[in-house]
Amino acid sequence: MSTPGEPTLVLTQLEVYGMCCQSEVTLVKRKLEVLPGVSTIRVNLMLRQVSVTHEESLEPVRLVRTLNWALLDARIVDKAGGGSLLNKGRRNYTTYLAIVCGVLFAISLGVWKRVTTDHIEWWEDPFTYFALACVAAGGPLLIVRALAGLIHDRTINMFFTMSLAMIGALVLTDFFEAAAIVFFFILCEWVQKWCVHHTASMTAGLGGLLPETVTMADGGEEKPIDDVKVGEVLLVKSGERVPVDGTVVGEGSSSVDESMLTGESQPLVKAPGSKVVAGTTNQTGVLEVRVDALPADSTAAQLSQLVTDAQTNEGRREQLLEKFAKVYTLTVVFAALLLATVPLGWCKWDTGDDHGDASCDYWLHRALALVVVACPCSLVVAMPITCAPPPPPTRPP
C-alpha cells in the first residue's frame, strides 16, 4: 500500500518465449531496468516468466514492446484466462517450423547415397536441395537470435556458435551437416517449449488442486471459491477436493487422501475436530468443513508461492555460471578461430581424403566440430528433460 505522495506500484506478469538460457535472463533485466518507473524484476527461467513491479504510469504494453524489440517474443499473462500461450496450449511458430524442418531433413537423408556410390557434384544430387531448404527454413531463426545477442546484449550466445557451425558447414558444402544442425536445434527448441508448457500447466495451479466453486453446507448453494469467507461451513462430497484449510464439524467422518501434498500413501481418517488441508481429496463420506483460512492463504497456495520463489531467486551457483558463461563462449569461439586459421600456414586446399591433417578442409572440420561440441547447449537434446516435471505420486495398491 503506497503512502500519500508516493507513486502506486503495480505487478505485471509477462511470458517471454525467447528466454531459454542465462544470457537471455541478463538481457531481459538489462532491457527492463532502464525503463522509468520499474522497481523490481523477478525472472523464472524454467517457466519463462518475468514479474515486473513498476509504477502505474508505466504501461505494461511498453514492457512488452521493449522486450520484443530485442526479439524475445514477450506477451502479457492473461490473468482472466489463466495465462497466455504457455497455459492455453496453443501452437506457436516453433511447432510448424519443427514439422517443416523435420520433413525436409528426413527427405535429405538420401544425400547419404553419395557415401556408397560414385562421387557426384552437389548440384547434381536432388536430395541436396531438400537439405538447403531445411537450412533456409530454420537457419534465419538462428542468425536473427545471434544478431540480437550481439546487438542488444553485446555477447556471444549459443545461437551465435550454432550459426557459425551452420555457415561453416555450408561453406564446406556439407549441406547435410548444416541441415542436421538446424533441424536438431529447432527440434530441441520445440521439445524444451513443450516441457515448459507442461510444467507451467502443472505449477500454475497447484492451481489445479483447488476447485473453482464450493458448496455451502447451509442450503447446498454453490458459489465461486474466491467469495469464501472465514467461518463459513462448506460441504465436501465424496471424490471432491477440499477447497480450503479448515476443521471438520458436524457428525460425518471420511478418509482423505493427502498424497498430493504430503506424499503419504495411506488415506487419513477425518472426524469432527480434525484439520483438513486444501488440495486434498475426500474419498468416502461427506464432510462439513469450517473455513479457517482463505484459499489465498491455504497450504496449497503457500506451497505454490514457495515453488515460485525458489525458481525466481538466483542461487550462488547460477550467479557463478552466469559469469563463467560470458568468458567460456568467447574462449571457445577464439579457440576454434585459431584451429581454423593457424594451419593455413602449411595446409593445402584439397577435396581428397588422402592428405589427412595436411588438408585445410580437415582443420576447418575440426574447428566447426569444436564449436558444436563446446557449445553450452550442445547437449540441448538432453537439457529439456531437466525442465520436465516428475509424474504425480501414486498410491500403491
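For the structure itself, consult the block above.
All values derive from a computational prediction rather than experimental measurement. (Residues numbered from 1 in each chain as written. Predicted model: local features only at pLDDT ≥ 70, side-chain atom pairs only at ≥ 80, totals over all residues. Heavy atoms only, no water.)

### A word on the packing of aromatic side chains
In step 1: All told, the structure shown has 6 aromatic pairs when counted by the stated rule.
In step 2: When the ring of Phe105 is compared with that of Phe176, the centres are 5.3 Å apart and the planes differ by 25°; the resulting orientation is stacked. A residue pair is termed long-range when its members are at least 10 positions apart, and Phe105 in helix α4 (residues 93-108) and Phe176 in helix α8 (residues 175-203) qualify at 71 residues. Across this residue pair, the class does not change: Phe105 and Phe176 are buried.
In step 3: Centroid distance Phe159 to Phe185: 5.6 Å. Interplanar angle 75°. Geometry classified as edge-to-face. Separated by 26 residues along the polypeptide, Phe159 in helix α7 (residues 158-171) and Phe185 in helix α8 bring together distant segments of the chain. Phe185 carries the same exposure label as Phe159, and that label is buried. (Phe/Tyr/Trp six-rings, centres within 6.5 Å; stacked < 30°, edge-to-face > 60°. Helix = DSSP H or I, 4+ residues; strand = E, 2+ residues; numbered from the N terminus. Buried < 20%, exposed > 50% of the residue type's maximum accessible area, 1.4 Å probe, protein only.)

### A word on a nonpolar patch on the surface
In step 1: A cluster of nonpolar residues, Ile143, Leu147, Leu150, Ile151, Ile167 and Val171, forms a patch on the protein surface that exposes about 530 Å² of accessible area.
In step 2: Within the residue set of the nonpolar patch, elements represented by two or more residues are α6 (126-153) and α7.
In step 3: The dominant element in the nonpolar patch, judged by the number of residues it contributes, is α6, at 4 residues.
In step 4: Note on placement: Ile167 falls in helix α7. (Patch = residues over 30% accessible without salt bridge, like charges linked within 9 Å, V, L, I, M, F, W, Y side chains within 5 Å. Areas by Shrake-Rupley, 256 points an atom, 1.4 Å probe, with all protein chains shown as cover. Salt bridge = Lys/Arg side-chain N within 4 Å of Asp/Glu carboxyl O.)

### A look at the packing of α6 against α7
In step 1: α7 packs onto α6 with a crossing angle of 140° between their chain directions and a minimal axis gap of 8 Å. In terms of axis orientation, α6 runs oblique to α7. Crossing hand, α6 versus α7: left-handed. In this structure, α6 uses Leu132, Val135, Gly139, Leu142, Ile143, Arg145, Ala146 and Leu150 to contact α7, whose residues at the interface are Phe159, Phe160, Met162, Ser163, Met166 and Leu170.
In step 2: Of the residues that constitute the contact of α6 with α7, the class distribution is 11 nonpolar, 2 polar and 1 charged. (Axes fitted to C-alpha atoms, helices over the stretch in contact; angles between N-to-C directions. Parallel < 35°, antiparallel > 145°, perpendicular 65-115°, else oblique. Left-handed = near helix turned anticlockwise from the far one by under 90°. Contact = heavy atoms within 4.5 Å. Nonpolar A, V, L, I, M, F, W, Y, C, P; charged D, E, K, R; others polar.)

### Examining the sheet that holds strand β12 (residues 281-282)
In step 1: Read from one edge to the other, the open sheet built from 3 strands follows the order β10-β9-β12, with strand pairing classed as antiparallel. Bordering the open sheet on either side are β10 (268-270) and β12, each of which pairs with just one other strand.
In step 2: Pairing of strand β9 (residues 254-257) with β10 involves 3 bridges; the strand directions are antiparallel. If you follow Ser254 over to β10, its bridge partner there is Lys270. (Pairing = 2+ DSSP bridges.)

### Here's the deal with the packing of α4 against α6
In step 1: For the pair α4 and α6, interaxial distance at closest approach is 7 Å and the crossing angle is 160°. Considering their axes alone, α4 and α6 lie roughly antiparallel with respect to each other. Note on packing geometry: the crossing formed by α4 with α6 is left-handed. Along the contact surface, α4 presents Tyr93, Leu97, Val100, Cys101, Leu104, Phe105, Ile107 and Ser108, while α6 presents Phe127, Phe130, Ala131, Ala133, Cys134, Ala137, Gly138 and Leu141.
In step 2: Grouping the constituent residues of the contact of α4 with α6 by class yields 14 nonpolar, 2 polar and no charged.

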